[in-house]
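For reference, the chains in residue letters:
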Amino acid sequence: MANSDSTASLPPSAPPPLSSTTKENLTPVACKIEELTESRSELLGRIQGLKTDLQTWRSKLDSQVKVYRDELSELKQSLNTEVEQLRSEFQELRTTLQQQQDDVTTSLQNFGFLQLQDVTGDSKADNTEVEGKALKE
């Protein structure tokens, strides 16, 4: 037991001194680390450039969308104005046609071609006879 106690109490041994072969092995590792650092810097620069490009693209896209929205809004307003004008014109046409129809009816009544509705409500038959006579004349 004493033997096992003495081995357990010994301090751990220090790493062996670097030999010349170990130093030679470290030199390529240092070069690789330097290359990786340069590569990392280059990649970070590219990423930053891509981020800038993306922001520029987004800004241009936003401005184009705004222009298109403005144009669409103007077109919508223009179309709404035209539709309102057409509605107004059609209403005027309806009113004019109704007035002309009323005028023709009044003229026909004045000339005696159109009879007023009978008490019996049989004006259609009378209108047909009157129209037939008017055509023969």
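See the structure printed just above.
Position numbers for residues start from 1 in each chain and track the written sequence from start to end. Local features in this predicted model are restricted to residues of pLDDT 70 or higher, and side-chain atom pairs are both shown and tallied only at a pLDDT of 80 or more, whereas totals for entire chains, interfaces and linings draw on every residue. No hydrogens and no water enter the side-chain calculation; it runs on all heavy atoms of the structure.

## Some points on the overall build of the protein
Scanning the protein from N- to C-terminus turns up three helices and zero strands. Using a 1.4 Å probe on the protein chains alone, a residue whose accessible area is under 20% of its type maximum counts as buried, one over 50% counts as exposed, and one in between counts as partly exposed. Of all 137 residues assigned to the protein, the portion counted as buried reaches 3%. A total of about 12,900 Å² of accessible surface is found on the protein, and carbon and sulfur atoms cover 57% of it. Elements are defined by DSSP. Helices are runs of H or I of four residues or more, strands are runs of E of two residues or more, and each kind is numbered from the N terminus. Accessibility throughout is a Shrake-Rupley quantity obtained with a 1.4 Å probe, and a residue counts as covered only by protein chains that appear here.

## As for the pattern of salt bridges
Salt bridges are identified by distance alone: a Lys or Arg side-chain nitrogen within 4 Å of an Asp or Glu carboxyl oxygen. A full pass over the atoms with the stated rule returns three salt bridges. One salt bridge in this structure joins glutamate 42 and arginine 46, with 3.0 Å as the shortest N-O distance. Of the two residues, glutamate 42 and arginine 46 both sit in helix H2 (residues 20–111), four residues apart, roughly one turn of that helix. Lysine 66 is the partner of aspartate 70 in a salt bridge, and the nearest nitrogen-oxygen pair spans 3.3 Å. On the criterion of helical spacing, the pair formed by aspartate 70 and lysine 66 is a turn pair, its members being four residues apart in helix H2.

## Points about a nonpolar patch on the surface
Taken together, the side chains of Leu54, Trp57, Leu61 and Val65 define a hydrophobic patch exposed on the protein surface, amounting to about 360 Å² of accessible area. When you line up the elements, tryptophan 57 lands in helix H2. By relative accessible area, tryptophan 57 is classed as exposed at 51%. Grouping into patches uses exposed residues only, defined as over 30% relative accessible area, and leaves out salt-bridged ones; the cut-off is 9 Å for like charges and 5 Å for nonpolar side chains (Val, Leu, Ile, Met, Phe, Trp, Tyr).

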